[in-house]
Amino acid sequence: MTSINTMMKGGKEKPPDQPPSSIRVGEQNCHDIDDDDSSYSSDDTSSVMSSLSEKYRRLEGLRGSGNQSSASPQPPIHFINSSPTKVGASVEFEDDKANMIAKLMKSHGQVVSLSLVERSSLIKSIIRLSQHVPGCVIRSLLDDISRDRKEKKERVDRRRRRGNAHHHKKSWKSRRRSSDSCETCEEEKVYDGDQLSSNESRMSPGQRSIAQLVGKSTKSLPLSRRRQSALLFVDISGFTKLSTMLDVDSFSNCINTYFQKVINQVGSYGGDILKFAGDAIFCEWRVSSHESVQTLEQCVLQAATCAADIVSLCSDYTPAPSRRMSKRRSSTLSSSFRSLITHASVTSDSSRREIALNVKCGLGVGHMAGVHVGDNMSRREFLMLGDPIDQVAAAEAAARHGEVFASPEAIAYLTKMGSVRGDWKSNINDGLPTRLAVRGERFFFPKEEYAPCRGIGLPCEGEKLLRHFDDFDSSELNWLKRMISLYVHPVVANEEHESSSHVKHETDYDRNVAAAELRNVYTCFISPKIDYNLTGDEEKDQKLFHRLNDIMTITTRHLDRAQGHLRQFILDDKGVVLIFTFGLRGSTFPNMIAQRAIPLTFTIVQSLQDELGIKVSAGATFEKAYCGVVGGVNRHEFAVLGPAVNLAARLMSPKHNSDVILVDKNVRLLTSQIFFRPLPAVMAKGYADPVPIFQPMKISSDQQGSRWGHAKKKFVGRASEIKQSMHVAKEMALNSVTSKFLFVSAPSGTGKSSLMVQ
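Residues numbered from 1 in each chain as written. Predicted model: local features only at pLDDT ≥ 70, side-chain atom pairs only at ≥ 80, totals over all residues. Heavy atoms only, no water.

## A word on the overall build of the protein
Looking only at helices and strands, the protein has 27 helices and 20 strands in total. Looking at the protein as a whole, 48% of its 758 residues qualify as buried. Here the contacts in the protein between residues at least 6 apart in sequence split such that 74% fall between residues at least 24 apart. (Helix = DSSP H or I, 4+ residues; strand = E, 2+ residues; numbered from the N terminus. Buried < 20%, exposed > 50% of the residue type's maximum accessible area, 1.4 Å probe, protein only. Contact = heavy atoms within 4.5 Å.)

Next comes the structure, spelled out in structure tokens:
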């Protein structure tokens, strides 16, 4: 038997005289591989060879034992275009394959090493992207790949059975002559048949499989799945004020340190973070036979215990530098952050509460539907619908800082697992939420046999995902990365696809902090006025899902044309909400408010009304905002935070908006070609004084027909400038001048565009 130590060292072994014909690499037999006498000089190549050899030995049981009993059948071995070994194959046959690996590594070590490095980089990229996506979305994509593999295996088995039945009719001698060739042809024709087009038949097996999978995914949107879940809404307050007091690095450090404390609790109780809604998060505990929490009562208990721990640990939190921050970044913390911490340590309790972060929670339970909307080219979003959304909104509204309130439905389930203190029975009769905890004190007590589980971890952490990726081929990994990218904010997805995004940082935490910045951003909230409640009638609910998908596709269609970014499509306490922006990396343009943002807002509102018959209210602002990742190390999202963002949400709300578009003064000042109707000022979080607001009137047909407007018959002034411009134009026309430049320079708003149109 070939020495494994020799193979690991890259030693040279004489190949067998007659290697099995079924061992193939592409179209080349193992004895055709060139034997290179040179030894390895690269440490990387040697380590790769040692790793592969060790893995092969571990998986196939080749531990240098010399002989192996024929009573212990060898597991099937799948190599590149090779047939599986049969039960009871000889040790020499396995030895030949081990020898082939050593020769491959010796002759092509650099290529294999490069391939492994690329694969490792691809897997790391997938894990980074998956941290921006709910665990249930990752699981659904992994299920798609598993389902595709299962269907592929069933097709192989069917063809093999048909082939065996056909050959059984032949004579023993003819079967003997054709057995070797049939076995090879069977593998090569696995993907042939009526299911594949002529183009697909020319693809490699992995490419064909994923091509079919992508085709199925394209036809299935919107994709929905019903579930029973406990839903927890965690609302954090204090970020808006801090954003006006700290620089971007300090603010990013502050909010992500705080979010990490919350996410640690959610992860330890096995919750799945569905959405980051500004400075709040939605967490889910779903009934699943594959998880440790398998009943709805257990889900409610897990969520309630998690919420109690969150308000106990995270209430009245004073900002401080994160322990995860590297020494280099910690040393560069701004003076504003250090002075804030010093101020908090020496001032009175009332002053300290003004800069403290606080949290409150609302708990609900019931039937929900997870809906994937969008397309397979531009953008996808995952939506949660169901009565628990309204339950957690009502419970959170009843809570104050440091409190947890639960809906009557959640209390009913919780009492089955133990006792609840207080007048919860009358609250259930009146349909009111009940308080479960306040800071360090709890008002519910589970029975011993129903003690909540801890230490479960987030559903799709990096280590868990790595176990899935061990046997994925490159086509499956590339497909998975592309699909996950559709759920991720465009800024993150674009940077991940670019080589510049792979700049090495000391930690993942430093990577997220380094990407944060303050930018002038146009933020628009759009609220389509539709009934989003589930009815239980499958036909009616499917119509709702398709309506939501239509809203998504119409919005992304116009956003792609204008090169704007969809921040989020969400269903929360404000109803169905779309948020899009201009001004982030990749969507910043000259005169973008007047030429892109406002016209696009009108276009989306008008399209939703004309194509779907949906009335819409919208609020838009333009101001500096925090742009970057918010959340913890293993679960986060790209967000835009700040007073202007809160103001845009307020302008969209029914309290101030009756199905029109409202904007702030900055948008009004940057859009001089549209008439704005002034409205009474409003008070908004993060603003000391009332904020002036305006309603932009519909763009005229003249303005829609031309980007800069039309020439006017009566144009007063600028005679000398017009004469000079015409002189240059005539000179070019008469003398056939190849090109000339005419620069028009003047302060903003003085009429440069109107002059050039004339």
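On we go from here.
## Considering helix α14 (residues 387-398)
Over its twelve residues, α14 extends 17 Å from the first C-alpha to the last, a length consistent with the 16 Å expected when each residue adds 1.5 Å. Among the residues making up α14, those that are buried are P388, I389, Q391, V392, A393, A395 and E396. (Expected span 1.5 Å × (residues − 1).)

## Focus on the packing of aromatic side chains
If you walk through the whole model with that rule in mind, you get eleven aromatic pairs. Each ring, one from F239 and one from F251, has its centre 6.4 Å from the other, and the planes form 85°; the classification is edge-to-face. Highlighted residues: F239 in helix α8 (residues 239-243) and F251 in helix α9 (residues 248-268), separated in sequence by twelve residues. The pair F239 / F251 is uniform in exposure class, with both members buried. Members of the aromatic cluster, connected to one another through ring pairs, are F239, F251, Y258, F259, F276, Y317 and Y626. Here R596 stacks its cationic end above the ring of F589, 3.7 Å away from the centre of that ring. (Phe/Tyr/Trp six-rings, centres within 6.5 Å; stacked < 30°, edge-to-face > 60°. Lys NZ or Arg CZ within 6 Å of the ring centre and 35° of its normal.)

## A word on unusual backbone geometry
With a phi angle near 65°, Q563 is a residue other than glycine that sits in the positive phi range. As for its placement among the helices and strands, Q563 is situated in the loop between α21 (538-562) and β14 (565-572).

## Observations regarding the pairing of strand β15 (residues 575-582)
Among the eight residues in β15, eight count as buried, and that is most of the element. Where strand β13 (residues 517-528) lies against β15, five bridges are found, and the strand directions are antiparallel. Opposite F525, over in β15, you have I579 as the bridge partner. Inspection of the sheet shows β14 paired to β15 by seven bridges, in the antiparallel sense. Each residue of the ladder has a partner; that of L571, found in β15, is V576. Hairpin geometry of β14 and β15 is characterised by an intervening segment of two residues between the two adjacent antiparallel strands. (Pairing = 2+ DSSP bridges.)

## Overview of the packing of α9 against helix α10 (residues 296-314)
Running from amino to carboxyl end, α9 crosses α10 at an angle of 155°, the nearest separation of the two axes being 9 Å. Put simply, α9 runs roughly antiparallel to α10. Our pair here, α9 against α10, has a crossing hand that is right-handed. Listed contacts from α10 to Y258, K261, V262, Q265 and V266 of α9 are C306, D309, I310, L313 and C314. Partitioned by chemical class, the residues of the contact of α9 with α10 number seven nonpolar, one polar and two charged. (Axes fitted to C-alpha atoms, helices over the stretch in contact; angles between N-to-C directions. Parallel < 35°, antiparallel > 145°, perpendicular 65-115°, else oblique. Left-handed = near helix turned anticlockwise from the far one by under 90°. Nonpolar A, V, L, I, M, F, W, Y, C, P; charged D, E, K, R; others polar.)

## Details of α21
Here α21 contains 25 residues, and its C-alpha end-to-end distance of 36 Å stays within 8% of the 36 Å for a straight helix at 1.5 Å per residue. One or two residues past the end of α21 sits Q563, with phi positive at roughly 65°.

## Regarding the nonpolar core
Of all hydrophobic cores here, the largest spans 96 residues; its most connected members are L480 and Y522. Ranked by the residues each element gives to this core, the list is headed by helix α22 (residues 592-612), at ten residues. If we skip the residues at most four places from it in the chain, L480 touches I126, L141, L142, I145, F469 and F472. (Core = buried A, V, L, I, M, F, W, Y, C linked by side-chain atoms within 4.5 Å.)

## With respect to the pairing of strand β4 (residues 272-277)
β4 sits mainly inside the fold: six of its six residues count as buried. Strand direction decides the pairing type here: β4 and strand β5 (residues 280-286), joined by five bridges, are antiparallel. From the neighbouring strand, D272 faces β5, where its bridge partner is E284. Hairpin connection, β4 to β5: the antiparallel pair is bridged by two residues, and G278 has positive phi, about 70°.

## So, the packing of α21 against α22
It is the contact of α21 with α22, at a shortest axis distance of 10 Å, that shows an interaxial angle of 150°. When the interaxial angle is binned, α21 and α22 end up roughly antiparallel. Crossing geometry of α21 relative to α22 is assigned as right-handed. Across the interface between the two elements, R547, D550, I551, I554, T555, R557, H558, L559 and A562 from α21 touch R596, L600, T603, I604, S607, L608, E611 and L612 from α22. Split by residue class, the contact of α21 with α22 holds eight nonpolar, four polar and five charged.

## Examining the pattern of salt bridges
If you walk through the whole model with that rule in mind, you get 25 salt bridges. R226 is the salt-bridge partner of E538, the closest N and O atoms lying 3.3 Å from each other. Of this pair, E538 sits in helix α21 while R226 sits in strand β3 (residues 223-237), and the two are 312 residues apart along the sequence. (Salt bridge = Lys/Arg side-chain N within 4 Å of Asp/Glu carboxyl O.)

## Brief notes about the confidence of the model for the protein
Mean pLDDT over the protein stands at 77; residues scoring 70 or higher make up 69%. The weakest mean pLDDT in the protein belongs to strand β1 (residues 24-25) at 34; the strongest belongs to strand β8 (residues 403-406) at 97. Note on residues 178-208: pLDDT under 50 across the span, and 40 contacts to partners over four residues away in sequence or across chains. In this model, residues 213-218 is a region of pLDDT below 50 whose contacts with residues beyond four sequence positions or in other chains number twelve contacts. (pLDDT = per-residue confidence, 0-100.)

## Overview of the environment of N657
Position of N657 among the secondary structure elements: in the loop between α23 (643-652) and β18 (661-664). Not counting residues within four places of it along the chain, the set of residues in contact with N657 comprises S617, A618, L651, M652 and L662. A distance of 3.0 Å separates a polar atom in the side chain of N657 from the backbone oxygen of A618. Polar contacts involving the side chain of N657 include one to the main-chain amide nitrogen of V660, which spans 2.8 Å. (Polar contact = N/O pair within 3.5 Å; in protein donor to acceptor, adjacent residues only side chain to side chain.)

## Section: a nonpolar patch on the surface
On the surface, L742, V744 and M756 cluster together into a nonpolar patch covering about 220 Å² of accessible area. Mapping M756 onto the fold places it in helix α27 (residues 752-757). Take M756: its relative accessible area is 40%, and that puts it in the partly exposed class. (Patch = residues over 30% accessible without salt bridge, like charges linked within 9 Å, V, L, I, M, F, W, Y side chains within 5 Å. Areas by Shrake-Rupley, 256 points an atom, 1.4 Å probe, with all protein chains shown as cover.)

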